[in-house]
Amino acid sequence: MPIIRDIPGFVAYYDVDAGDGVMVSISVFEHKDAEEQSTFRAGDFVAKDLELLLPNPPQVTAGEVVTYEGGG
């Protein structure tokens with residue numbers, strides 16, 4: 001997503017179609033400050049550009065990665 005990609009500390013963004021009209025996005029950052037800036041930017045984007053298209057308000061959950069395995 002262009003609005004968060006340029007935030008220092010950005011690592012990755014995933015968008016998942018969970019079915020039944022449910023979408024899940026996962027953003028990964030190196031530090032909490034970057035995550036907080038991302039949440040602010042994304043919330044602003046949703047409020048200005050997507051609010052009328054969404055049947056339910058987005059839910060935001062933040063936390064630290066506890067398990068990770070990468071391919072390569």
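Residues numbered from 1 in each chain as written. Predicted model: local features only at pLDDT ≥ 70, side-chain atom pairs only at ≥ 80, totals over all residues. Heavy atoms only, no water.

Student: So what exactly am I meant to see when it comes to the layout of surface pockets here?
Tutor: One water molecule sets the probe size; rolling that probe over the atoms shows where empty space is left. The volume enclosed by the largest pocket comes to roughly 1,600 Å³. Lining the largest pocket are 36 residues, with Val24, Ser25, Ile26, Gln59 and Val60 sitting closest to its centre. Looking at which element gives the most residues to the lining of the largest pocket, the answer is helix α2 (residues 32-50), with nine residues. The residue makeup of the lining of the largest pocket, split by class, is 20 nonpolar, 11 polar and five charged. (1 Å grid on protein atoms, 1.4 Å probe; cavity = no way out; pocket = protein on both sides within 12 Å on 5 of 7 lines; lining within 4 Å. Points joined across faces, edges and corners; volume = space filled by probe spheres on them. Helix = DSSP H or I, 4+ residues; strand = E, 2+ residues; numbered from the N terminus. Nonpolar A, V, L, I, M, F, W, Y, C, P; charged D, E, K, R; others polar.)

Student: Can you walk me through the side chain of Ser38 in this structure?
Tutor: By secondary structure assignment, the location of Ser38 is in helix α2. When near neighbours in sequence (up to four residues on either side) are disregarded, Ser38 contacts Ile4, Ile7, Ser27 and Phe29. (Contact = heavy atoms within 4.5 Å.)

Student: Would you mind showing me how to read the packing of aromatic side chains here?
Tutor: Remark: the centre distance and the inter-plane angle together describe each pair of aromatic rings, the angle taken between the planes. Evaluated as defined, the whole model comprises one aromatic pair. Both rings, one in Phe10 and one in Phe29, keep their centres 5.8 Å apart while their planes meet at 70°; by these two values the pair is edge-to-face. With a gap of 19 residues between them, Phe10 in strand β1 (residues 10-19) and Phe29 in strand β2 (residues 22-29) connect regions that are remote in the sequence. (Phe/Tyr/Trp six-rings, centres within 6.5 Å; stacked < 30°, edge-to-face > 60°.)

Student: How do you make sense of the pattern of salt bridges when you look at a structure like this?
Tutor: Between side chains of opposite charge, a pair can form as their charged atoms come close. On inspection of all chains with the given rule, the structure shows three salt bridges. One salt bridge connects Arg41 with Asp6, and the closest N-O pair in it is separated by 2.7 Å. You can see Arg41 sitting in helix α2 and its partner Asp6 sitting in the loop between α1 (2-5) and β1, a full 35 residues away along the chain. On the basis of relative accessibility, which here comes to 26%, the residue Arg41 falls in the partly exposed class. Judged by relative accessible area, Asp6 falls into the exposed class, the value being 54%. Lys32 is paired through a salt bridge with Glu36; the nearest N and O atoms lie 3.6 Å apart. One end of the pair is Lys32 and the other is Glu36, both in helix α2 and four residues apart, which spans about a single turn. Salt bridges here are not isolated pairs; linked through shared partners, they connect Lys32, Glu35 and Glu36. (Salt bridge = Lys/Arg side-chain N within 4 Å of Asp/Glu carboxyl O. Buried < 20%, exposed > 50% of the residue type's maximum accessible area, 1.4 Å probe, protein only.)

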